[in-house]
Amino acid sequence: MIYAIGLDSDSTFIHFLKYATELGTEVRAVNLQAVVRGGGWRLRIPDDGKSWLATSEERVSMDPLGSYYNRIIDLSSVQRSTTVRARWLGLSTALSAWLEHIPGRVVNRPGRFDLHNSAKPLHEDFLGRAGLSVPASITSSKRSTLLNFARNGPVIVKAISGMRATSQIIDVDRLKAADLSFSPVHLQRYVAGDDVRAHVVGSWVHAEMIRSEDVDYRSGDGRREFAPHTLPDDLAKTIVRVTNKMGLDMAGWDFKLAPDGTYWCLEANPMPGYDGYDRRMGGRITESLIERLTTTSATA
Amino acid sequence: MVVAEKGDEVAQALAEEVCRSWAVRPLIYSLPQASRMFSISVSGDGSYSVEPDLPLFLRAPQQRRWRRSFRGRVHLAEHAGVLWTAASLTSSPCINRPTSRGFTLASTSAAITELRSGLAAEATAPELFSSALPDEDIYDPQGVPLSQWCSQDMATGDVARAPHNPRGCGPYRTRQREPGTCYETVVVVGNEAWRTSTIDLGNLGLESRSGEAATKLGVTFAAIVWAVDREYAAAVPARIDLYPKYHQVAPVWSEVSAALLRILAR
């Protein structure tokens, strides 16, 4: 049996439950919002066979030898109530620690994978050293430094941390007028071309090409076309290797495919929202995920 | 550059030592102030530059004021991303240089931090996370006396030994702690370590064990607190502080500060 832990407001979590059930996989779902709102938890390290999570309706025994697909999203920062905030923090801390320690299969195991996706310049340096082509970037709070970089070609502005944000092209005039008093700015050289999203699950790679009129295809009103895509063999092998090197079972890779055929790597997401891509692929990503969760031997 | 919160006594004390020893006044900045100082250029082909490139002494980035709102957390995450990168990539010495998994490898779970440090292979006290205070029969099936369990309210930080309850309304984490245990703090700087008491515990090898733990946690500067039994015959880790407080390092501050300066001067 697979335990799926996440939020009932997370479309990827809901998608996983739906497809896994359709594939005939036995899944025990735990909605963390229900645990925080009216339930409770008891998680012990080392596990003593008595760990559980509960909603107001049921108590779920947590098997340390089980297989876990987790999307732990800590909602403490958006809570007004200090009590609810403390419960979110307490639950996500406890669950992450427990999942790190148990011998069962956990995708992706908290505490065991690199988090430098939350520090984009560090992440980009890591990806470049791993053999991927990565667009140059500058991160600074100094307007003159940012302008010097922007004057040498088109740039996009991106979030530095792992916070979800829409990437935009920013020109020199907008940069001159931008308020730089609060946060540093991360600019990356813009690459024109189609987007490619590849999901790595273990040694499987599922890629899709996105042709979009928007700079960031995830937002905007422009026309978008999606098509299955096969990465060059050496690139596919590289991202499988680097996913593993980062301590991940699963990652969502973003590329720009330039007209000259270069795949420019933008980032590797350690908790990919993969549902939209999977729907268009007929559930192949979820199939790989379930294969990973059910057939590979457990590792502590 | 010292990155610390206002009122950090270790940061202040180190800044004074730098002034005294090198006749240089170090910059003491909060996390957001520090991040604004850096410009990081990444070429994408394995070369990069960090400016300014100067020795760093990093302390815990708490920034409680910023954490109160979602907007504040977003900005704090952005600043943290810059400092994390700058401190990781700078060619200058950095205490404590961040890891690929965060500023340190410490976990909010004490048991997990011990496991990561390698100390838990020797012995670890169980740690229980719960939404409500545990009932007597839920603590441990092997019959560890109730009086050996201490609970902490994770919201208020208050700690109480069972059967008393900590102040607050949870959630809780609970650990086994034998009453009457002695505690010894070992301060680690690089490959040096000092016990902070004068009790003869030489046979326990706490300095070398602490040094190995700090290395596994990827830190240069740490305080490891050991629980020592009444006969001084055995010790198990009780607490690992990767951002030690001044009271923990005060008894050996002259040795510790000298070692910190040696590293920062490399």
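Everything discussed here concerns the structure shown above.
The text that follows walks through the structure, step by step, so that each part is easy to find. (Residues numbered from 1 in each chain as written. Chains lettered and ligands numbered in written order. Predicted model: local features only at pLDDT ≥ 70, side-chain atom pairs only at ≥ 80, totals over all residues. Heavy atoms only, no water.)

## Considerations on the pattern of salt bridges
Our working definition: The term salt bridge refers to a pairing of a side-chain nitrogen on Lys or Arg with a carboxyl oxygen on Asp or Glu at a separation within 4 Å. Where helices and strands are cited, they refer to DSSP runs of H or I of at least four residues and of E of at least two residues respectively, numbered from the N terminus. Accessible area is worked out with a 1.4 Å probe on protein chains only. A residue is then buried under 20% of its type maximum, exposed over 50%, and partly exposed in between.
Taken as a whole and judged by the stated rule, the model has 28 salt bridges over all chains. The salt bridge partner of Asp-194 of chain A is Arg-211 of chain A, with a shortest N-O separation of 2.8 Å. Highlighted residues: Asp-194 of chain A in strand 12 (residues 194–201) and Arg-211 of chain A in strand 13 (residues 204–212), separated in sequence by 17 residues. On the basis of relative accessibility, which here comes to 47%, the residue Arg-211 of chain A falls in the partly exposed class. In this structure, Arg-173 of chain B and Glu-127 of chain B form a salt bridge, with 2.4 Å as the shortest nitrogen-oxygen distance. With Arg-173 of chain B in strand 10 (residues 172–176) and Glu-127 of chain B in strand 7 (residues 127–130), the pair connects residues that are 46 residues apart, well separated along the chain. Judged by its relative accessible area of 19%, Arg-173 of chain B falls in the buried class. The class of Glu-127 of chain B is buried, set by a relative accessible area of 0%.

## Describing helix 4 (residues 120–129) of chain A
Residues and elements named next belong to chain A. The buried fraction of helix 4 is high, at nine of ten residues. Lys-120, Pro-121, Leu-122, His-123, Glu-124, Asp-125, Phe-126, Leu-127 and Gly-128 are the residues of helix 4 that are buried. Following helix 4 by one or two positions, Gly-131 adopts a phi angle in the positive range, close to 105°.

## Observations concerning the sheet that holds strand 11 (residues 182–189) of chain B
All names here are of chain B. Under the convention used in this document: By definition, two strands form a pair when at least two bridges between them are found by DSSP. Interaxial angles span 0 to 180 degrees and are taken between N-to-C directions of axes, which are lines fitted to C-alpha atoms, for helices over the stretch in contact. The contact definition used throughout considers only heavy atoms, calling two residues in contact when any of these lie within 4.5 Å.
Read from one edge of the open sheet, four strands run 12-11-13-14, paired in antiparallel fashion. A single partner strand is all that each edge strand has here, and the edge strands are strand 12 (192–195) and strand 14 (235–241). Averaged over neighbouring strand pairs, the angle between their axes works out to 25° when direction is ignored. Running over the sheet, helix 6 (residues 206–216) touches strand 11, strand 12, strand 13 (221–228) and strand 14 and is turned about 55° from strand 11.

## Regarding the interface of chain A and chain B
Interface size is commonly expressed as the accessible surface area that is lost when the partners come together. Selection rule: When two components associate, each loses some accessible surface as probed by a 1.4 Å sphere; the sum of these losses over both components is called the buried area.
Taken together, the 53 residues of chain A in the interface contact 52 residues of chain B. Regarding the contact of chain A and chain B, the summed buried area is about 4400 Å², with carbon and sulfur atoms giving 58% of it. The interface formed by chain A and chain B contains two salt bridges. Between Arg-101 of chain B and Asp-114 of chain A there is a salt bridge, with the nearest N and O atoms lying 3.5 Å from each other.

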